[in-house]
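The chain contents come next:
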Amino acid sequence: MQKHRMENILKVLNPAQRQAAEAVEGPVLVLAGPGSGKTRVLTHRIAYLVRVCSVEPYNIMAVTFTNKAAKEMRARLETLIGEQLKHLTVGTFHAICARILRREAQHLDIESNFVIYDADDQKRLIREVLHELNLDDKTYRPASVHNAISRAKNELISPEAYDPPSYWYEAVSRVYGHYQKSLTANNALDFDDLLMKVSELFRGNETVLQRYQRRYHFILADEFQDTNHAQYTLLRLLTGKRGNLFVVGDEDQSIYRWRGADFRNVLRFREDYPDSKLFLLEQNYRSTQNILDVAHQVITLNRSRVPKKLWTQNPRGQKIVVFEAYDEHEEAQYVTGEIQRLVSQGECRLRDCAIMYRTNAQSRVLEDAFMRKGMPYKLVGATRFYQRREVKDVLAYLRLIHNPLDTVGLQRIINVPPRGIGRKTMVAVTDWAAQEGIPFYTALQLLREDEDSRRDTEKVNLPPMLPFDTRSRRVLLTFLVLLDDLIAARKTNSLPELLDMVLERANFARYIRNGTDEGEERWSNVMELHSVVQEYASLPAESALTVFLEDVSLVSEVDNLDEKTDAATLLTLHTAKGLEFYAVFIVGMEEGVFPHNRSFGEEEEMEEERRLCYVGITRAKSKLYLVYTFRRTLYGSQVVNEPSRFIRDIPKQLIAGHHPAPSRSTRNVPSPLRWNIPVEAPKVIKPSFSTGDRVQHDSFGEGVVVSSKSSVDDEEVTVAFVGGAGIKRLLASLAGLKKIE
DNA sequence: CTGGTGACAGTTTTT
DNA sequence: CTGTCACCAG
């Protein structure tokens, strides 16, 4: 019986995947190449634990890096273990840590209603501290300082333990200390704190740690190559002596070194758990052999990696295309034109095409081209919804209602919309509050008390301790009344009602809708927020706000990658990780752009660029285009760059039409890429489809082969599809047709 | 207090 | 060429 069920659950796995999923006891490391089905292994292992090994879902924790990945895992598990899913802990490191911290707040120097500061808030606070310490923010740029602090936190180095390696870091050390104090005073944590505090908690409190260790018998972690020291430490602490730690990763796809990720954790894992089992998933289910060969050629030049090679049963497929455009405009022209061609020839749909670039700035010209051609596109990333000024402003109000001690948030919106509280007043309150050692909000409360007592009892002659003129007092108190009213309203109103009150009482509409198009745009973002909030309408008033804020601060962009709309996708190579497309265009393949010139200095950095290229290439299922320009506008000036070294690393046999635009034959630049493409002896391949075969296509669905004809290097198959797609002529190498038995 | 001006720097960003 | 920030004049 049990055996039978096991068959059911794991039968869809290949032998390597299955072995990994079945290795129940002890530490397991799975090195999983792109497209090798790692999520599948993770989910099936969980299903196996629950359904075959009778492990309580309550005792399992699965950690991911993105909410998207967590969501996807949940969705897949739903079909495997059904409603048992709800007892399972699935989430991002940060979300799981935030939950733990709220529950265990009493053991820490923080209230359980703490707010989570995002990058923006963090930078504000840093700037404030720099000011406080009279540090020049030219030498100590907030971004750099913050970066240094963040790195320290990722390494679990506290301000006390921080050992500055140079004079510059001496200052960082001081800022770090103050910054941390400020966070505590604001009852706030930054992203890094979420991890660091939990690790401190676990290390400092054996009882608490044991409670969690007793609960979680099995820990699984995705994207292990992207863990930083803090995250790895957490995994180890939670795992404890039981040792059931299952991690899946791929060093070749580690692209977040600059954020503290350390793929050497993969090596460390094997040292820390010498008895761990290692599984390699090298079969790729995504790409053509040709694309995998290209990817291999690029990644294999990295020194620090475990040698491995992907293989596939997919057809060899078409050669990849390398194209030189004159400039970024022609580049965009070429790419959109090519996509148009693919779509009109019925090879794929718009949504099967993606354009990837190294830096966000490159998206502009592409967007232009799409717009001019009237082709729909979706842009991933850009200005994230929750990062938009107007959205953040409104959110700051909500956060203040939740936690009025959040001074950064308070300072953000105390004069938004403008209500006459300017710099001078702010400095006065801030100084006074600092002097008294109280939060800003408390200072306002004292001010009101002072005001009240003056009015009530004229006898009481309070010292004129408050250095404000009448006007400042008045505007400050008006604001306090507003805030307190909102705080009071929270108890009795639903979240949407509360949001309406904020908008109304603060006069947001009038402030934002200033008559310009941009104003309308911003207002529609606020309205968008309003519709998000509707989803929390049914929650009890008391908890709705808490839940909402938690979701918002840990959710990056809502997956605006909805699969429904048919549009091409524009995204950075970084955000492309984990996705796949029929056709991938990587643009800006030029020295200085990709690899980015910031990576020229250090070998390690360059290796990361190379991994990034590998990630990009392996997103493609069937078609891959690498595009570079002869000259490009960068920061407003024209530069001429060499084609990317990554292109040079690809053997010519893997590249098809390298079409130099004819109009430019006069161009006086001997491109190192003017190869002569060797003309291969045409060979006719053996047909693999014949009339009457039933076949399956990724996008067109099921169909019947009408005719099939071999041509040079490929096979042209005519298929009548069952649904609306009708009759299509397809190239066997590209279409990914599968026969149905 | 507000809005305007000039200097300046400028990857990537799962949380 | 941007966007951001500090600073200064109304």
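Notes on the structure in this doc start here.

Thresholds, definitions, all that
- Residues numbered from 1 in each chain as written.
- Chains lettered and ligands numbered in written order.
- Predicted model: local features only at pLDDT ≥ 70, side-chain atom pairs only at ≥ 80, totals over all residues.
- Heavy atoms only, no water.
- Core = buried A, V, L, I, M, F, W, Y, C linked by side-chain atoms within 4.5 Å.
- Buried < 20%, exposed > 50% of the residue type's maximum accessible area, 1.4 Å probe, protein only.
- Helix = DSSP H or I, 4+ residues; strand = E, 2+ residues; numbered from the N terminus.
- Contact = heavy atoms within 4.5 Å.
- Near = heavy atom within 4 Å.
- Polar contact = N/O pair within 3.5 Å; in protein donor to acceptor, adjacent residues only side chain to side chain.
- Nonpolar A, V, L, I, M, F, W, Y, C, P; charged D, E, K, R; others polar.
- 1 Å grid on protein atoms, 1.4 Å probe; cavity = no way out; pocket = protein on both sides within 12 Å on 5 of 7 lines; lining within 4 Å.
- Points joined across faces, edges and corners; volume = space filled by probe spheres on them.
- Pairing = 2+ DSSP bridges.
- Axes fitted to C-alpha atoms, helices over the stretch in contact; angles between N-to-C directions.
- Right-handed = clockwise from strand over helix to strand, strands pointing away.
- Salt bridge = Lys/Arg side-chain N within 4 Å of Asp/Glu carboxyl O.
- Lys, Arg positive; Asp, Glu negative; His and termini not counted.
- Expected span 1.5 Å × (residues − 1).
- Arc of directions from axis to C-beta.
- Parallel < 35°, antiparallel > 145°, perpendicular 65-115°, else oblique.
- Left-handed = near helix turned anticlockwise from the far one by under 90°.

1. Focus on the nonpolar core
Okay, so step 1: Val-145, Ile-149, Val-175, Leu-194, Phe-202, Leu-235 and Phe-269 are the most contacted members of the largest nonpolar core, which totals 64 residues.
Okay, so step 2: In terms of residues, this core owes the most to one element, helix α5 (residues 93–103), which gives seven residues.
Okay, so step 3: The residues touching Phe-269, leaving out its near neighbours within four places in the chain, are Pro-27, Val-28, Leu-29, Phe-224, Tyr-232, Leu-245, Val-247 and Ser-276.
Okay, so step 4: Residues Leu-410, Val-416, Trp-432 and Val-526 belong to the second largest nonpolar core, which totals 53 residues.

2. A few points about the protein's contact with DNA strand C
Okay, so step 1: In the region of DNA strand C, the neighbouring residues are Arg-127, Asp-137, Arg-364, Tyr-635 and Gly-636.
Okay, so step 2: When the atoms of DNA strand C within 4 Å of the protein are sorted by group, sugar and phosphate make up 46%.
Okay, so step 3: Taking Arg-127, its side chain carries an N or O atom lying 3.3 Å from a phosphate oxygen of DNA strand C.
Okay, so step 4: Split into classes, the residues belonging to the surface near DNA strand C amount to one nonpolar, one polar and three charged.

3. Side note on empty space enclosed by the protein
Okay, so step 1: This model, assessed by the stated rule, comprises two cavities of 30 Å³ or more.
Okay, so step 2: If you tally residues by element for the lining of the largest cavity, the top one is helix α13 (residues 289–299), at four residues.
Okay, so step 3: When its residues are assigned to classes, the lining of the largest cavity shows six nonpolar, two polar and six charged.
Okay, so step 4: Taken together, Met-61, Val-63, Phe-93, Ile-96, Cys-97, Ile-100, Val-198, Phe-202, Leu-234, Leu-235 and Leu-238 form the lining of the second largest cavity.
Okay, so step 5: Looking at the lining of the second largest cavity element by element, the count peaks at four residues for α5.
Okay, so step 6: Partitioned by chemical class, the residues of the lining of the second largest cavity number eleven nonpolar, no polar and no charged.

4. Let's talk about unusual backbone geometry
Okay, so step 1: For the peptide bond that leads from Val-416 to Pro-417, omega is -10°, which places it in the cis range.
Okay, so step 2: Relative to the helices and strands, Pro-417 is located in the loop between α17 (407–413) and α18 (423–436).
Okay, so step 3: Positive phi, normally seen in glycine, also occurs at Asn-187, with a value near 55°.
Okay, so step 4: Looking at the element boundaries, Asn-187 is found in the loop between α8 (167–185) and β5 (188–190).
Okay, so step 5: A positive phi angle, close to 65°, is found at Asn-507, a residue other than glycine.
Okay, so step 6: For Asn-507, the location among the structural elements is in the loop between α21 (495–505) and α22 (508–512).
Okay, so step 7: On the basis of relative accessible area, Asn-507 is assigned to the partly exposed category, the value being 40%.

5. Looking at the sheet that holds strand β1 (residues 28–32)
Okay, so step 1: Taken together, six strands build an open sheet; the order of strands is β3-β2-β6-β7-β1-β8 and the sheet is parallel. Strands with a single pairing partner mark the edges of an open sheet, and in this sheet they are β3 (89–92) and β8 (277–281). Averaged over all adjacent pairs, the angle separating strand axes in this sheet is 15°, with direction ignored.
Okay, so step 2: Sheet contacts for α5: β2 (60–64) and β3; angle to β3, the most-contacted strand, approximately 115°.
Okay, so step 3: The strands touched by helix α11 (residues 229–239) within the sheet are β2, β6 (218–221) and β7 (245–249), with β6 carrying the most contacts at an inclination of about 165°.

6. Some remarks on the pairing of β7
Okay, so step 1: Across the five residues of β7, five count as buried, placing the element largely inside the fold.
Okay, so step 2: The alternating pattern of β7 places Leu-245, Val-247 and Gly-249 on one face and Phe-246 and Val-248 on the opposite face, and all of these are buried.
Okay, so step 3: Here four bridges tie β1 to β7, and the two strands are oriented parallel to one another. Across the sheet, Leu-29 pairs through a bridge with Val-247, a residue of β7.
Okay, so step 4: Relative to β7, β6 runs parallel, the two sharing three bridges. Bridge pairing in β7 links Leu-220 to Phe-246.
Okay, so step 5: The β-α-β motif built from β6, the intervening α11 and the parallel element β7 has right-handed crossover chirality.

7. Describing the pattern of salt bridges
Okay, so step 1: In this structure the tally under the stated criterion is 48 salt bridges.
Okay, so step 2: Here Arg-124 makes a salt bridge to Asp-120, at a shortest N to O gap of 3.6 Å. Of this pair, Arg-124 and Asp-120 both sit in helix α6 (residues 119–132), four residues apart, which is roughly one turn of that helix.
Okay, so step 3: For Asp-120, a relative accessible area of 34% gives the class partly exposed.

8. Observations regarding the side chain of Asp-192
Okay, so step 1: Along the polypeptide, Asp-192 turns up in helix α9 (residues 191–204).
Okay, so step 2: Despite its burial, Asp-192 pairs with no opposite charge, the nearest such side chain being Lys-153 at 5.5 Å.
Okay, so step 3: The contacts of Asp-192, once residues within four sequence positions are left out, are Ser-150, Lys-153 and Asn-154.

9. Comments concerning helix α4 (residues 67–81)
Okay, so step 1: Taking 1.5 Å of rise per residue, the 15 residues of α4 would be expected to cover 21 Å, and the 20 Å separating its terminal C-alpha atoms lies within 8% of that figure.
Okay, so step 2: Here α4 has its buried residues at Ala-70, Met-73, Leu-77, Leu-80 and Ile-81. When α4 is viewed along its axis, its buried side chains cluster within an angular range of 80° and face the same direction. In α4, those exposed residues whose orientation departs by more than 90 degrees from the buried face are Lys-71 and Thr-79.
Okay, so step 3: Looking at the buried residues of α4, the elements they touch are α3 (38–51), β2 and β3.
Okay, so step 4: Where α4 terminates, the next one or two residues include Gly-82, which has phi positive at roughly 60°.

10. Quick word on the layout of surface pockets
The method is simple in principle: a probe with the dimensions of a water molecule rolls over the atoms, and the space it marks as empty is what remains.
Okay, so step 1: Size it by volume and the second largest pocket reaches roughly 1300 Å³.
Okay, so step 2: Taken together, 34 residues form the lining of the second largest pocket, with Glu-128, Glu-132, Thr-407, Gln-411 and Thr-430 sitting closest to its centre.
Okay, so step 3: Looking at the lining of the second largest pocket, the elements that each hand over two or more residues are α6, α8, α17 and α18.
Okay, so step 4: Of the residues assigned to the lining of the second largest pocket, the class counts are 14 nonpolar, eleven polar and nine charged.

11. Details of the packing of α3 against α4
Okay, so step 1: Contact geometry of α3 with α4 gives a least axis separation of 10 Å together with a crossing angle of 40°. Considering the angle they form, α3 stands oblique to α4. In the packing of α3 onto α4, the handedness of the crossing is right-handed. The segment α3 lies against α4, with Thr-39, Arg-40, Leu-42, Thr-43, His-44, Ile-46, Ala-47, Val-50 and Arg-51 engaging Glu-72, Met-73, Arg-76, Leu-77, Leu-80 and Ile-81.

12. Section: α13
Okay, so step 1: Taking burial as the measure, the eleven residues of α13 include ten buried ones, the bulk of the element.
Okay, so step 2: Along α13, the residues that are buried comprise Gln-289, Asn-290, Ile-291, Leu-292, Asp-293, Val-294, Ala-295, His-296, Val-298 and Ile-299.

13. Some remarks on the environment of Glu-128
Okay, so step 1: On the secondary structure map, Glu-128 appears in helix α6.
Okay, so step 2: For Glu-128, a relative accessible area of 30% corresponds to the partly exposed category.

14. Thoughts on the side chain of Ser-644
Okay, so step 1: Mapping Ser-644 onto the fold places it in the loop between β18 (637–640) and α27 (645–648).
Okay, so step 2: When sequence neighbours within four positions are dropped, the list of residues in contact with Ser-644 reads Met-589, Glu-590, Glu-591, Phe-594 and Pro-595.

15. Describing the environment of Phe-630
Okay, so step 1: With respect to the secondary-structure elements, Phe-630 resides in the loop between β16 (620–629) and β17 (631–634).
Okay, so step 2: Sequence separation of Phe-630 and Ser-599 is 31 residues, and the distance between their C-alpha atoms is 21 Å.

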